[in-house]
Amino acid sequence: MNRDYRCQTDRMSGGIPAPRESLQQNIERITPQNSFNHALPVGRGTCFDRRGFLRWGTLSVSLLSVLGFARIIQAFLSAGREEREPTRFMAGLWDEFPRGSVVRKRSIFVVHDQNGIYALKGSCPHLGCGFRWIQEKEYFECPCHGSRFERSGHLISGPAGKPLQHVLLTKNMKNEIIADVLKAVPDDFRLTQG
Amino acid sequence: MEVSNIFRFRKKDHSGIAAFLLHLHPPLISRERIRLTFTFCMGGLSFYFFLVLLVTGILLMFYYRPGDGSPYLSVREISELVPYGNLIRNLHYWGGQGMVILILFHMIRVVLTGSYQGARQWIWVVGMVMLALAVIMDFSGYLLRFDRETFWAGFVALGVVKEIPYLGEALHRVLTGTSTYGQGSIQRIYLWHCVVLPIAVVCFMIYHFWKVSKLGWAGRAL
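Residues numbered from 1 in each chain as written. Chains lettered and ligands numbered in written order. Predicted model: local features only at pLDDT ≥ 70, side-chain atom pairs only at ≥ 80, totals over all residues. Heavy atoms only, no water.

Engineer: Help me out: how do you make sense of helix H8 (residues 148-162) of chain B in this one?
Structural biologist: Given 3.6 residues per turn, any residue in an α-helix points the same way as the ones three and four places further on. With 15 residues, H8 of chain B should reach 21 Å at 1.5 Å per residue; the first-to-last C-alpha distance of 21 Å fits that figure. Elements that come into contact with the buried residues of H8 of chain B comprise helix H7 (121-145), helix H9 (168-176) and helix H10 (186-215) of chain B. (Helix = DSSP H or I, 4+ residues; strand = E, 2+ residues; numbered from the N terminus. Expected span 1.5 Å × (residues − 1). Contact = heavy atoms within 4.5 Å.)

In structure tokens form, the structure reads like this:
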């Protein structure tokens, strides 16, 4: 049987049958049931017969579904377990915070004033950006929208509507200062050396 | 029919792995063999379900934690936090249930057409072993969820194993690694479910498919 179902042969050869074809195959090729091929636009591209159409159709549909499933697998596998910032940690020893200093420790600022040591949460109450202590100007400034806070955490200016949150500091048996970010304390909270 | 012309490979004597592969994937398939009502395709469909279970199972292994943390918590993470996690988990769950049901229907078909007889008897025996393995895998997967319901299911089931005379205690120890069923047993259940039993099933499957293909389906040569 003739297994070459591609229909471009007579176009490529200008209607002259390819030499490999027998007379019988040539007659089969120009019989009316094949004539729909001639209704297709004439050009240099491939024209599909039924088998070719089904083959390419199946192939492209499977390729699409494989791509779709690959996307699902990619999304599924992208949910890793991030290492979170600890909410309770050792901020340091007393000597690391000399009087008048403002020191960043992980997600908090540790401040030492004349009454003792306290800690401020290091994320802006406006939209949660991390901010900096500007030593020359003596205030905290948020890089996102420019909110400013005093050393004590009081609001100076900016879109933030609240002062900075004070968080709990404790000392353990080894005199290490432990910060607990989740525990809020009032503004007058101070940790003293005694 | 000029068989020797069609099966071109007949001219060379194929043996070993080549003959095996040609049985699994022959170049020609009879029209009769692919007719749907011939076998209702249920063996093939259960194999397809097995492939789905393999893919989704490997995906679930990326997140499941059988260890000392809570296995149930990692299951909750998969279905509630991981993107498409619920889809993958449900595909795995329903694929497992579907595979057991399909295998049962497949075996009913084999009984009704009498295809378990004669030279095919070992296909049938291996098939029964695979049914048992499929049920065990289904149940052990259920145990991996390790919520309150499945904890008691496992406690009862492995308690029954323990009651087998003479062998029970030792078998329980081998299966779970613990003397009483608990969270410590999940590590072992996990490995049985994900590694040992699937490999065993694949080995049996290879024999099953090869023999089916070699003997022809339901008394007819391919």
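Engineer: What am I meant to see in the side chain of Arg 151 of chain A here?
Structural biologist: Residues and elements named next belong to chain A. With respect to the helices and strands, the residue Arg 151 is situated in the loop between strand S7 (148-149) and strand S8 (155-157). Among the polar contacts listed, one links the side chain of Arg 151 to the side chain of Glu 138, at a separation of 3.0 Å. Look past the residues within four positions of Arg 151 in its chain and what remains in contact with it is Gly 100, Ser 101, Val 102, Val 111, Tyr 118, Leu 120, Trp 133, Glu 138 and Phe 140. (Polar contact = N/O pair within 3.5 Å; in protein donor to acceptor, adjacent residues only side chain to side chain.)

Engineer: For this particular structure, what's the right way to read the sheet that holds S8 of chain A?
Structural biologist: Backbone-to-backbone hydrogen bonds pair the strands of a sheet. The strands run either parallel or antiparallel. All names here are of chain A. Taken in spatial order, the 4 strands of this open sheet run S5-S6-S7-S8, and their pairing is antiparallel. Lying at the two open borders of the sheet, with one neighbouring strand each, are strand S5 (132-134) and S8. Two elements, S7 and S8, share 2 bridges in a ladder whose sense is antiparallel. Note that in S8 the partner of Phe 149 across the bridge is Leu 155. (Pairing = 2+ DSSP bridges.)

Engineer: Help me understand the sheet that holds strand S3 (residues 108-113) of chain A in this model?
Structural biologist: Residues and elements named next belong to chain A. Spatial ordering of the open sheet is given by S1-S10-S9-S4-S3-S2, a layout of 6 strands whose pairing is antiparallel. The open sheet has two edge strands with one neighbour each: strand S1 (88-93) and strand S2 (102-105). Neighbour-to-neighbour, the strand axes of this sheet turn through a mean angle of 35°, independent of strand direction. Note: S2 against S3, 4 bridges, orientation antiparallel. Across the sheet, Val 103 pairs through a bridge with Val 110, a residue of S3. (Axes fitted to C-alpha atoms, helices over the stretch in contact; angles between N-to-C directions.)

Engineer: How do you make sense of the packing of aromatic side chains when you look at a structure like this?
Structural biologist: The geometry of an aromatic ring pair is captured by the separation of the ring centres together with the interplanar angle, meaning the angle of the planes. Considering all chains together, one arrives at 18 aromatic pairs over all chains under this definition. On the numbers, 5.9 Å between centres and 35° between planes, the contact of Phe 131 of chain A with Phe 149 of chain A is tilted. Pair noted here: Phe 131 of chain A is in the loop between strand S4 (116-121) and S5 and Phe 149 of chain A is in strand S7, with a separation of 18 residues, a long-range link. Exposure remark for Phe 131 of chain A: the relative accessible area of 3% places this residue in the buried category. Where Phe 151 of chain B meets Trp 152 of chain B, the ring centres are 4.8 Å apart and the plane angle is 70°; that geometry is what we call edge-to-face. Note on Phe 151 of chain B: relative accessible area 19%, which makes it buried. The exposure class assigned to Trp 152 of chain B is partly exposed, which follows from its relative accessible area of 47%. Put simply, the rings of Phe 109, Phe 131, Trp 133, Phe 140 and Phe 149 of chain A touch in pairs and so form one group of aromatic residues. (Phe/Tyr/Trp six-rings, centres within 6.5 Å; stacked < 30°, edge-to-face > 60°. Buried < 20%, exposed > 50% of the residue type's maximum accessible area, 1.4 Å probe, protein only.)

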